[in-house]
Amino acid sequence: MINKFALLTGAIAGTLFAASLFISWQMGINSLAAFHKMYAFLPAIFLIVLAAAWWLQQRQGWQLEMKHMIRFSFLSYIVFEVFYFFANYLLFDIIDPSAYPRLVDTLNQQDVAKLRAEGAPEDKIEETIRMGEYAKESLGFGQRMIGIGQALILDFIKSVIIGTIIKQFKR
């Protein structure tokens, strides 16, 4: 039951991400940039997995051990990462390859405007512009796999945090 519910939780989180990605892309590059900023700072996936873990533990009468909560959370994240990878690959490499450089340009322009409004030194602004140009380069398969590996390490850490939080509710 734990594994099936983890697969379902990851698929729901992944589907929500993919739908949000494509809807924001359809709305225009500024909406896509806003979605990416919101996704980066709002822990929506963490909250979805945490809520599902809490519900699962409650449904099991608070009898599941922490290792089960970590396994549930990590499996949910693995499924989510598969959806994340394919949604981004589909949008940025197949459907609209020009969207990624436009997104990076838009995000970079917003960052530069914010730095200028805050009165940042010109060398910091120039560095931000250079970083934006570097970020527009297309990612190879190896770079994508490294990114997924790094995400999975962070996902495991988040899974331990979720397990610890759920353990605190155990009666």
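Scroll up a little and you will see the structure.
Computed from a prediction, not measured in an experiment: that's the story for all the values here.

Asker: Describe in detail the pattern of salt bridges, supporting the description with residues and values.
Answerer: Taken as a whole, this structure holds 4 salt bridges when the rule is applied. Taking the shortest distance from any N to any O, the salt bridge between Asp 96 and Arg 102 comes out at 2.8 Å. Of the charged contacts in the structure, one is a salt bridge between Arg 116 and Glu 122, with a shortest N-O distance of 3.7 Å. Among the residues examined, Arg 116 registers a relative accessible area of 49% and is labelled partly exposed.

Asker: I'd like a rundown of the nonpolar core, residues and numbers included.
Answerer: The biggest cluster of nonpolar side chains holds 29 residues, and the ones touching the most others in it are Leu 21, Leu 56, Phe 72, Phe 92 and Ile 162. The set of elements that each furnish at least two residues to this core consists of helix 1 (2–27), helix 2 (29–41), helix 3 (44–59), helix 4 (66–95), helix 5 (99–117) and helix 7 (141–169). Every residue in contact with Leu 21, bar those within four places of it in the chain, is listed here: Leu 32, Phe 35, His 36, Ala 87, Asn 88, Leu 91 and Phe 92.

Asker: Could you give me a rundown of the side chain of Ser 159, with the residues and numbers involved?
Answerer: Mapping Ser 159 onto the fold places it in helix 7. Among residues more than four places away in sequence, those in contact with Ser 159 are Ile 70, Ser 73, Phe 74 and Tyr 77.

Asker: How would you explain unusual backbone geometry if you had to name every residue and give the values?
Answerer: Positive phi outside glycine occurs at Trp 62, with the angle close to 60°. Given a relative accessible area of 9%, Trp 62 falls into the buried group.

Asker: Before we move on, could you go through helix 7 and cite the residues and values that matter?
Answerer: Taking 1.5 Å per residue as the helical rise, helix 7 with its 29 residues ought to reach 42 Å, and the 42 Å between its terminal C-alpha atoms agrees with that figure. Among the residues of helix 7, Arg 144, Ala 151, Asp 155, Ser 159, Ile 162, Gly 163 and Ile 166 are the ones counted as buried. Considering only its buried residues, helix 7 is in contact with helix 3 and helix 4.

Asker: How would you explain the packing of helix 1 against helix 3 if you had to name every residue and give the values?
Answerer: Where helix 1 meets helix 3, the axes come as close as 10 Å, and the angle between the chain directions of the two elements is 155°. By the criterion of interaxial angle, the relationship of helix 1 to helix 3 is roughly antiparallel. Classified by chirality, the crossing of helix 3 by helix 1 is right-handed. For the pair helix 1 and helix 3, the contacting residues are Ile 2, Phe 5, Thr 9, Ala 13 and Leu 16 in the first and Ile 45, Ile 48, Val 49, Ala 52, Trp 55 and Leu 56 in the second.

Conventions and cut-offs
- All chains use their own residue numbering, which begins from 1 and follows the written sequence.
- Local features in a predicted model are, by the rule used here, given only for residues with pLDDT of at least 70; side-chain atom pairs are given and counted only at 80 or more, and totals for whole chains, interfaces and linings are based on all residues.
- Values reported for side chains reflect all heavy atoms of the structure, with hydrogen atoms and water molecules removed beforehand.
- A pair is scored as a salt bridge if a Lys or Arg side-chain nitrogen falls within 4 Å of a carboxyl oxygen belonging to Asp or Glu.
- Burial status follows relative accessibility: with a 1.4 Å probe on protein chains alone, a residue under 20% of its type maximum counts as buried, one over 50% as exposed, and anything between as partly exposed.
- As used here, the term nonpolar core means buried Ala, Val, Leu, Ile, Met, Phe, Trp, Tyr and Cys residues forming a set that is joined through side-chain atoms within 4.5 Å.
- Strands here are runs of E lasting at least two residues and helices are runs of H or I lasting at least four, both read from the DSSP assignment and numbered beginning at the N terminus.
- Residues are treated as being in contact if the distance between any of their heavy atoms lies within 4.5 Å.
- Multiplying 1.5 Å by the residue count of a helix minus one yields the expected span of that helix.
- For every element, the axis is a line fit to its C-alpha atoms; helices are fit only across the contacting stretch, and the angle between N-to-C directions ranges from 0 to 180 degrees.
- Here the angle decides the label: under 35 degrees means roughly parallel, over 145 means roughly antiparallel, 65 to 115 means roughly perpendicular, and every other value means oblique.
- The handedness criterion is simple: a crossing whose near helix is rotated anticlockwise from the far helix by less than a right angle is left-handed, and one whose near helix is rotated clockwise is right-handed.

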